[in-house]
Amino acid sequence: MAVSTVQMSAAVCLVLITLTFHPSNGDIAAGAADTADVPHRRFEYKYSFKGPHLSQSDGSIPFWVHTGNAIPSADQIRITPSLRSQKGSVWTKNTVNFENWEAEVTFRVSGRGRMGADGLAVWFTEGQGLEGPVYGAADNWNGVGVFFDSFDNDGKKNNPAILIVGNNGKLTYDHQNDGTTQALGTCLRDFRNKPYPVRAKITYYKKTLTVMINNGFTPDKDDFEFCAKVDNMIIPAVGYFGISAATGGLADDHDVLSFLLFRLTEPGQQPPPAEAEIPKEEKDKYQEEFENFQQELDKKKEEFQKEHPDVQGEPVDDIYESVNDREIRQVFEGQNRIHLEIKQLHRQLAMILDEQRRYVSVVTDEIAKRGVEAQPGQAPSHELDTIITTQQEVLRNLNELRNSFSETLRQVASAQNQGNAVGAYETVQHFNDIKEHLHVVKRSVEQLAQRNGNPSEKVKCPDLPPMPSCLSPTHFLIFAIIQSVLFIGYIMYRSQQEAAAKKFF
Ligand SMILES: [Ca+2]
Ligand SMILES: [Ca+2]
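- As annotated in an unreviewed UniProt entry, the chain carries the name L-type lectin-like domain-containing protein and comes from Albula goreensis.
- For the chain, the Subcellular location (unreviewed entry) comment in UniProt is given as "Endoplasmic reticulum-Golgi intermediate compartment membrane".

So, in C-alpha cells, the structure goes:
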C-alpha cells in the first residue's frame, strides 16, 4: 500500500471531523436575511487543512499544493517567512463547485516592526494563481480576493485594512493605492501581532459575500465582528480556493493555522450526497486507526511531560501575552510615560528658573550702569522704566518680606527677652544680695578698723616667755652625732635581716 501512516492519519482526522460535524444552528451565514433560514452546513475536508498533522512527512499538504516560499509544518503553513521580497501560496488541488459556501481562515501576521508588509490574501478564483504580484498570487484573476493589506502604499494612514476585490480577469490590481479604487467592500482592522490568532469567516450565500473578523483579542473562537459585505456578487461557478502572501522591503511572518471550508445548503433543499461517501468497512478501519493514533499521541504527550516537567500549559500561551497582561502592560507603560513627562517638565522648569535668575542679574547690572550714566540728566528709556518699576516692585516686596521677617525676629526676640528678663532679674537680685552682704562685711570691717584706730581702747598683748639657755652648741652636736650613728646601725642591721630571710625562700 502506497499510502503512508501519516497520510492515513491526516485523512482519518479529516474524515472524523466530517463525521462529527452536524449542522449547527449557531453558525448562521452572516448576511443571511432571515435567522430562521439556517442553512445546512457541512465540513468539506478535501478543501480544508488544519493542525496538528497538517503536513505530511514529505512536506506536502493533503489535497493542497503550495508554491514559492511557503513552508508547511505540522501545525501551520508559513506562507512567507519574515524575510524581504518573499512570495508564497497554497491552493486546493481540486476545483470547488458549491453554490454557497463558508470559509474560515485562522492566521497570524506577526513582525517586529510597527509596520509590516505586504499582506495576505484569501482567494476563490477560476484558476490557481500560483505566482504573481498580488500578495504573492497572479494578477488579472477571475473571481474574488479578500486582502489583508498590511502596508500603507498610498500613505493615507488607512492600513492595515481588509478589502474585498472582485475581478473578471481583466482588472489589474491597483497596488499603489492599496486597491481602494477597486474594493467592493473594506474595513480597517489591525490584524498584526495579536495575542490570539486572527480569524476570518468569509461567507458566500445567496450571492452575498460577507467577511466577518475575530481580531485575535480573545480566545473565544466564535467572537466575530462584521467587516464588509458585497451583495449581488458574481463569482465563477467553479474555482479553486487559495491563500497567498508576500513581503516587500518590510517583512512579516504570514502563518495560516487552518483553512476550513463548509458547504452551505439553503433550508428546504436537499443537501447533495457526499461525492465520495466512504463505505462502512473503510470507515470502521479509519476509526480504529484513529483511536490507535490518538492513544499513541497521548502516550507521547505523557512522555514529553515526564521529560520536560518544567514545560507546562500551551506553549502558545507562554509566547503571546493574554489580554489582561497586555492591558496591565499598557497601563504600566502609560504611567511610565507620565512619570517621564513630569520629570522632563521638572527639568525644564529648573532650566527656566536658572535662566530667569541669570537675566535678573544681568538686568540689575545694566540698570546699575545706566543709573550711573543717567546721572547727568539723561532720560531713561521706556523699557528701562519698566524694568526699574519691576525692580522696585521686587525691592518693595523684598522690603515687605524683610519687614515681616524683622517683625518675626522682633517677636522671637521679645519672646526670648521675656525669658531673658526673668533670668536677669534673678541675677540682679543675686547681685543685690551679694552687694548687701558685702556692705555688711564692709561695715563690720570699718567698725573693726575704727576700733583698732582708737588709741584709748588699745588692747595689750601678753609678753612672750623667755627662751631657756640650758642647751649649748657642743651638746647639740654630740647629740646629733650619736643619733646618726644609731640610725645607720639600725639600717645595717635591718638589711642583714632581710638578706637572711631571702635565703629561706
Ligand atoms: Ca498595501
Ligand atoms: Ca493605504
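**Details of the pairing of strand β6 (residues 87-92)**
Step number 1: A large share of β6 lies buried, amounting to six of its six residues.
Step number 2: Residues K87, S89 and W91 point to one face of β6 and G88, V90 and T92 to the other, with burial holding for every one of them.
Step number 3: Here β6 pairs with strand β15 (residues 240-246) via five bridges, running antiparallel. Bridge pairing in β15 links V90 to I243.

**What to know about the sheet that holds strand β8 (residues 119-125)**
Step number 1: Spatial strand order, β3-β6-β15-β8-β9-β10-β11: seven strands in an open sheet with antiparallel pairing. A single partner strand is all that each edge strand has here, and the edge strands are β3 (64-68) and β11 (185-188). Across the sheet, the mean angle separating the axes of adjacent strands is 15° when strand polarity is ignored.
Step number 2: Two elements, strand β9 (residues 142-149) and strand β10 (residues 161-168), share eight bridges in a ladder whose sense is antiparallel. Within β10, the position partnered with G143 by the bridge is N167.

**Some details on the pairing of strand β16 (residues 253-265)**
Step number 1: Direction of pairing for strand β1 (residues 40-43) relative to β16: antiparallel, over a ladder of four bridges. Following the sheet pairing, H40 is matched in β16 by T265.
Step number 2: Across three bridges, the pairing between strand β5 (residues 77-80) and β16 is antiparallel. Looking at β16, one finds that R78 is bridged to D255.
Step number 3: Here strand β7 (residues 100-110) runs beside β16; their pairing, made up of 11 bridges, is antiparallel. Paired with E102 across the two strands is F262, which belongs to β16.

**So, helix α2 (residues 280-307)**
Step number 1: Taking 1.5 Å as the rise per residue, α2 with 28 residues should run 40 Å; its terminal C-alpha atoms sit 40 Å apart, in good agreement.
Step number 2: When you tally the buried positions in α2, you get one out of 28 residues, a small fraction of the element.

**A short note on the environment of F217**
Step number 1: By the element assignment, F217 lies in the loop between β13 (208-214) and β14 (225-230).
Step number 2: Spatially, the C-alpha atom of F217 lies 5.9 Å from that of Y196, the residues being 21 residues apart in sequence.
Step number 3: Setting aside residues up to four positions removed in sequence, F217 forms contacts with K194, P195, Y196 and V323.

**Some words on the nonpolar core**
Step number 1: Formed by 56 residues in total, the largest nonpolar core has its most connected members in L120, A121, V122, V146, I162, I164 and V211.
Step number 2: When residues no more than four places from it in sequence are discounted, the contact partners of L120 are I79, F107, V109, Y135, F148, I243, A245 and H254.

**Let's talk about unusual backbone geometry**
Step number 1: Of the consecutive residues G51 and P52, the connecting peptide bond is found in the cis state with omega at 0°.
Step number 2: The linkage connecting A117 with the following residue, D118, adopts the cis geometry, with an omega of -20°.
Step number 3: Take D118: it is sitting in the loop between β7 and β8.
Step number 4: At K206, a position not held by glycine, the phi torsion is positive, near 55°.
Step number 5: Tracing the chain through its elements places K206 in the loop between β12 (198-205) and β13.
Step number 6: Residue classification places K206 among the partly exposed residues on the basis of 17 C-beta atoms within 10 Å.

What counts as what
- Within each chain, residues carry numbers counting from 1 in the order of the written sequence.
- A letter from A marks each chain and a number from 1 marks each ligand, given out in the order of writing.
- Only residues with pLDDT of 70 or above have their local features reported here, since the model is predicted, and side-chain atom pairs are shown and tallied only from 80 upward, although totals for entire chains, interfaces and linings are computed over all residues.
- UniProt positions are given in the numbering used here, feature names are shortened, and annotations may be inferred rather than shown by experiment.
- Any residue surrounded by 20 or more other C-beta atoms within 10 Å of its C-beta is treated as buried, while 12 or fewer makes it exposed and the intermediate range makes it partly exposed; C-beta atoms here are placed from the backbone.
- Under the scheme used here, helices are H or I runs from DSSP no shorter than 4 residues and strands are E runs no shorter than 2 residues, and both carry numbers assigned from the N terminus.
- Strands are treated as partners if at least two bridges between them are detected by DSSP.
- In this description, a line fitted to the C-alpha atoms serves as the axis of each element, helices being fitted only across the stretch in contact, and the angle between N-to-C directions of two axes falls anywhere from 0 to 180 degrees.
- In a helix, the anticipated span is given by 1.5 Å times the number of residues less one.
- Distance between backbone-placed C-beta atoms decides contact: two residues are in contact if it is within 7 Å.
- For the purposes of this analysis, a nonpolar core is taken to be any set of buried Ala, Val, Leu, Ile, Met, Phe, Trp, Tyr and Cys residues that are connected through C-beta atoms within 7 Å.

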